[in-house]
Amino acid sequence: MSISDKIKHKAEEITGAVKEKVGDATDNERLQAEGAAQRTEANVKQAGDHVKDAAHDTRDAFRP
């Protein structure tokens with residue numbers, strides 16, 4: 001997995017968390033929900049990154 005994708009996914013997670021906190025502070029339920037959804041989506045992408053990295057590591061371990 002490329003480092004730029006990992007950075008992009010982490011930035012999405014942070015942006016979602018900020019939106020969620022701002023929504024909490026302003027009682028804006030739409031912003032809260034949007035932030036939570038964005039953060040969850042970024043976490044799923046990061047999990048995919050980890051799976052891909054593990055697959056590459058496993059493949060490399062079996063190469064002579």
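Calculation notes
All residue numbers refer to position in the chain's written sequence, counted from 1. Confidence filtering applies because this is a predicted model: local features only for residues at pLDDT of at least 70, side-chain atom pairs given and counted only at 80 or more, and all residues used for totals across whole chains, interfaces and linings. To get the side-chain values, all heavy atoms of the structure are used, and hydrogens and water are removed first. Patches in this entry comprise residues that are over 30% relatively accessible and not in a salt bridge; like charges within 9 Å are linked, as are nonpolar side chains (Val, Leu, Ile, Met, Phe, Trp, Tyr) within 5 Å. Methods summary: accessible areas were calculated by the Shrake-Rupley approach with a probe of 1.4 Å, and residue burial reflects only the protein chains presented. Only one rule defines a salt bridge in this text: a Lys or Arg side-chain nitrogen within 4 Å of an Asp or Glu carboxyl oxygen. Helix and strand labels come from DSSP, where a helix needs a run of H or I of at least four residues and a strand needs a run of E of at least two; each type is numbered from the N terminus. Given the number of residues in a helix, its expected span is that number minus one, multiplied by 1.5 Å. Polar contacts here mean pairs of N or O atoms no more than 3.5 Å apart (in protein, one a potential hydrogen donor and the other a potential acceptor; neighbouring residues in sequence count only if both atoms are side-chain atoms). Relative accessibility decides the category of a residue: with a 1.4 Å probe and only protein chains considered, values under 20% of the type maximum give buried, values over 50% give exposed, and everything between is partly exposed.

Trainee: Just to check I follow, could you spell out a nonpolar patch on the surface for this structure?
Mentor: A cluster of nonpolar side chains, namely Ile-14, Val-18 and Val-22, defines an oily patch on the protein surface of about 250 Å² accessible area. Relative to the elements of secondary structure, Ile-14 occurs in helix H1 (residues 3–26).

Trainee: Even after reading the chapter, I still don't get helix H2 (residues 29–61), so can you show me in this structure?
Mentor: Residues three or four positions apart in an α-helix share a direction because the helix packs 3.6 residues into each turn. Counted at 1.5 Å a residue, the expected span for H2 with its 33 residues is 48 Å, and the 48 Å between its end C-alpha atoms agrees. Sitting at the head of H2, Asn-28 places a side-chain oxygen 3.2 Å from the backbone nitrogen of Arg-30.

Trainee: Before we go on, may I ask you to explain the pattern of salt bridges in this structure?
Mentor: Pairing of side chains with opposite charge becomes possible as their charged atoms draw close. Taken as a whole and judged by the stated rule, the model has nine salt bridges. Between Arg-30 and Glu-34 there is a salt bridge; the shortest N-O distance is 2.8 Å. In this pair, Arg-30 and Glu-34 are both assigned in helix H2, four residues apart and thus about one turn of the helix distant. For Arg-30, a relative accessible area of 55% gives the class exposed.

Function cannot be read off these values alone, since they describe shape.
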